[in-house]
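Residues per chain are reported as follows:
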Amino acid sequence: MKRGRLRVFLGAAPGVGKTYSMLEEGRRLLADGRDVVVGVVESHGRAATAALVTGLPLIPRANVWHRGVELEEMDLAAIIDRRPELALVDELAHTNAPGLPHDKRWQDVEALLAHGIDVISTLNVQHIASLNDVVEQITGVPQQETVPDSFLRGADQLELVDLAPQSLRDRLAGGFVYPAERIDAALSHYFRLGNLTALRELALVWLADEVDQALKGYRAEHGIEGTWEARERVVVALTGGPEGETLLRRGARIAARSAGGELLAVHVTSQDGLRTAGPDVLAQQRALVDQLNGSYHQVVGEDVPTALVEFARSVNATQLVLGASRRGRLAAMLTGPGIGATVVRESGDIDVHMVNHAAAARRFTLPPRTGALTVRRRILGFVVALLGGPALTFLLTRVSTPDSITSDVLSYQLLTVVVALVGGIWPALFAAVFSGLTLDYFFIEPIYTVHIHEPLHLLALALYVTIASLVSFIVDRAARHTRAAKRSAAESEFIQTIAGSVLRGDDATQALADRTREAFQLAGVRVVAAGSGEGESAPPRVIASSGDPGADTPVTRVPLGEQATLELYGQPLAAAEQRLLSVVVAQLSAALDQQQLEQTARDIEPIAASDRVRGALLSALSHDLRRPLAAATAAVGGLRTAAANLTDTDRSELLDTADESLAALATLLTDLLDVSRIQGGVLSIASVPTDPAEAIAPALDELALGPAEVRLALRHDDARAITDPVLLQRVLVNLLANAQRHSPAATPILITTSVFGGALEIRVIDHGPGVPRDRLDDIFVPFQRLGDTDNETGLGLGLALSRGFVEAMHGTLTPEETPGGGLTMVVSLTEADGATA
């Protein structure tokens, strides 16, 4: 049976129109004469989506009972029995009810495809298995339902249903996606503008990668090896030399000349891992690749040109950037064409750029007298030459004949090679010259004279020197690579050990001290606070200590900035170990800086909290003090000047005005007293796990607000917030008073609670005139009341004081636009871990 075809509409988020597009396509195909049925469609109460289902053949859903609840699921068996040409199956990542043949809906779709039925389905990007963790990091919402990438990439057609993030938010605010009671929470959480932008980019990148994979598959299937310049891809070859930065910047400029250009850096290492490359330089160049928005790759290959060209072809590269050869003319003549020339010859239709740099075509220099071999091995090489030469000469003079000159020459050549293997280049050069002179003196006519008659004999001496140089160079290079590899492995293990100690939760400073002592085999290591050990009466403050050095142990002190000193007890470190020590010093300095910042933050947090409360309260006092004081003064003045002419009603009104104003002044003075107590450390913020309802109910009672004025939608279940219940009540009273003052008549205020990402949020929602978006922050500025034109309202503490209280409780107070008009004040508090009533 021919397998059915799968077509998937992919979206960045719910509400972009995937189901709508699927139904429109189904209606179009039905009108074209295709046999189309609706397997399952989830309209989520959207009228426009439900309207498109009308007129399409519908397979009734199967009813499944699970734990006493009747669930409706797609009837897979009925669709297979019906055998339509095409089935519309919504929500590919859906989890089926227990008892059905498959656990997931995508497995049902796989069964339909196996029976030759074409399927059109829908999926959101957050349900792709490989992107699940990335989406959780962006939105804070884990997704339990996923579809394997392998299944999705096997689809015959993938289409992106795209909608601009702000347009999607407008659709959501207009009630076209979710019911009204879910709009506010959705706009503030999952459907934030930044979240939607990131999800949209994820969907576009994933789909672009799928297109790229499909293109590679097509080229492989049809045997197309040439480069298709669908996108400019520039590959930069890095050798680990200093020219790498120049090449990377040149490659980045080439890639930037075309839209969508891509930069790739590649370093080829030999199969034995010993090809010369500075690890520090490569690390710096890799960091530069990241800064240039490129990608770094490392491949293994013994033939560098072939490996470079094969990598470039594998990524469909259009440009290849190489550095000019660092070899001189003599080296090029002796060793043949270099990497650059070979790459140019094998690159085919890939453009190759040869970039000149400061290290190109360096002059030939002799190797240093102190190579990679140890002093002991070099001395041993000279000893072998000095002892082996006379011994070989004595032996050969006893058995030599005029016809054995060839074996004599080979014997001295073997001695030269042995000396090169043992001691390196300088002992080998000495052995070559010494053996050449010995051959000429004892075995070449005229014997017992150092005189060369034949040019051939001079050539033999030159060959000895050449052989010694080449062999010793190889030995020295192998020894250098071996030492570098061992050193790099030890340094990597050292750094990994430090990182592992810190990641396991160990103190970073102590872990660095312990590992430093072990790595450098020191008697002890201490990190001492700078200046704490000065003077005989003040003992040094040791931040971290490892080991127990003796009193006579030599100590080396290394400053860690201006804050501490690293003390190393033991023999001074060798020059080769100083580089690794610099890494330790940098890590220790960073760890100490971090500790100091954390301590400073802990020290100033109580001061900052008190200052926020004091500043907010004083600002509110300066704003609210004038009106009740003026009203009380006017009332008392009226009673004093016109008491005889006042009626009982007028006198009572003046007394009530004075009483209310003086009560307001008493409240403000109480707040001022609280500020003085906070400054003196007497009044503290008592944050405890609190049910928000315990603060909402008293706030409603204080303002005498009933069901006609306020609707409640509390959805925090048993969650608790870390807050001061008294301060929270005062905040809510002020927010509710503001909402009541600006809400239209007969339009109740809505109070909702929800839990999201470790925060418990309280929303006070009104449908009044709202605040312009560009002036949302102005409502918290002291001495301002947006929209107030009278002096009879606003006796509360003000939004500035409310924000100060909330921030002092480690929360946030944020204004948002109410969908449909109005203002929503969001109080976000830290959720108490495991705190239940």
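Rules used in this analysis
Residues numbered from 1 in each chain as written. Predicted model: local features only at pLDDT ≥ 70, side-chain atom pairs only at ≥ 80, totals over all residues. Heavy atoms only, no water. Helix = DSSP H or I, 4+ residues; strand = E, 2+ residues; numbered from the N terminus. Expected span 1.5 Å × (residues − 1). Buried < 20%, exposed > 50% of the residue type's maximum accessible area, 1.4 Å probe, protein only. Pairing = 2+ DSSP bridges. Axes fitted to C-alpha atoms, helices over the stretch in contact; angles between N-to-C directions. Contact = heavy atoms within 4.5 Å. 1 Å grid on protein atoms, 1.4 Å probe; cavity = no way out; pocket = protein on both sides within 12 Å on 5 of 7 lines; lining within 4 Å. Points joined across faces, edges and corners; volume = space filled by probe spheres on them. Nonpolar A, V, L, I, M, F, W, Y, C, P; charged D, E, K, R; others polar. Lys, Arg positive; Asp, Glu negative; His and termini not counted. Salt bridge = Lys/Arg side-chain N within 4 Å of Asp/Glu carboxyl O. Patch = residues over 30% accessible without salt bridge, like charges linked within 9 Å, V, L, I, M, F, W, Y side chains within 5 Å. Areas by Shrake-Rupley, 256 points an atom, 1.4 Å probe, with all protein chains shown as cover. Charge placed at Lys NZ, Arg CZ, Asp CG, Glu CD.

Student: I'd like to hear about helix α15 (residues 375–399), residue by residue, with values.
Tutor: In this model α15 runs 36 Å from its N-terminal to its C-terminal C-alpha over 25 residues, within 8% of the 36 Å that 1.5 Å per residue would give. Regarding α15, the residues found buried are R378, G381, A385, G389, L392, T393 and L396.

Student: Explain the sheet that holds strand β5 (residues 86–89) to me, using residue names and the numbers behind them.
Tutor: Pairing within the open sheet is parallel, and its five strands lie in the order β2-β5-β6-β1-β7. Looking at the sheet topology across the chains shown, the edges are occupied by β2 (36–40) and β7 (157–161). Pairwise comparison of adjacent strand axes, ignoring direction, gives a mean angle of 20° for this sheet. Pairing geometry for β2 and β5, over four bridges, is parallel. Bridge assignment links V36 to a residue of β5, and that residue is L86. Relative to the sheet, helix α1 (residues 18–31) contacts β1 (6–11), β2, β5, β6 (118–124) and β7, its axis offset from that of β6 by approximately 165°.

Student: Run through empty space enclosed by the protein, naming residues and quoting values.
Tutor: Within this structure, the stated rule accounts for one cavity of 30 Å³ or more. In this structure, the largest cavity occupies an estimated 70 Å³ of space. Elements that contribute at least two residues to the lining of the largest cavity include exactly β7, α7 (165–173) and α9 (193–221). Of the residues assigned to the lining of the largest cavity, the class counts are ten nonpolar, no polar and two charged.

Student: Tell me about the side chain of D724, and please be specific about residues and values.
Tutor: Assignment of secondary structure puts D724 in the loop between β19 (721–723) and α24 (725–742). No salt bridge is formed by the buried D724. Its closest oppositely charged neighbour is R730, at 8.0 Å. Those residues in contact with D724 that sit more than four places away from it in its chain are I685, A686, S687 and M809.

Student: Can you lay out the sheet that holds strand β15 (residues 555–560) for me, pointing to particular residues and giving the numbers?
Tutor: Here four strands make up an open sheet; going across it, the order is β14-β13-β16-β15 and the pairing antiparallel. Lying at the two open borders of the sheet, with one neighbouring strand each, are β14 (542–547) and β15. Adjacent strand axes in the sheet meet at a mean angle of 15° when their direction is disregarded. Sheet topology places strand β13 (residues 524–529) next to β14; five bridges connect them, and they run antiparallel. When the sheet's bridge partners are listed, V527 is paired in β14 with A544. Together, β13, β14 and β16 (564–569) form the strand contacts of helix α19 (residues 508–520), whose direction differs from that of β14 by roughly 30°.

Student: Talk me through a negative patch on the surface; I want residue IDs and the actual numbers.
Tutor: Negative charge collects at one region of the surface, where D650, E653, D656, D659 and E660 lie side by side. Residue classification places E653 among the partly exposed residues on the basis of a relative accessible area of 46%.

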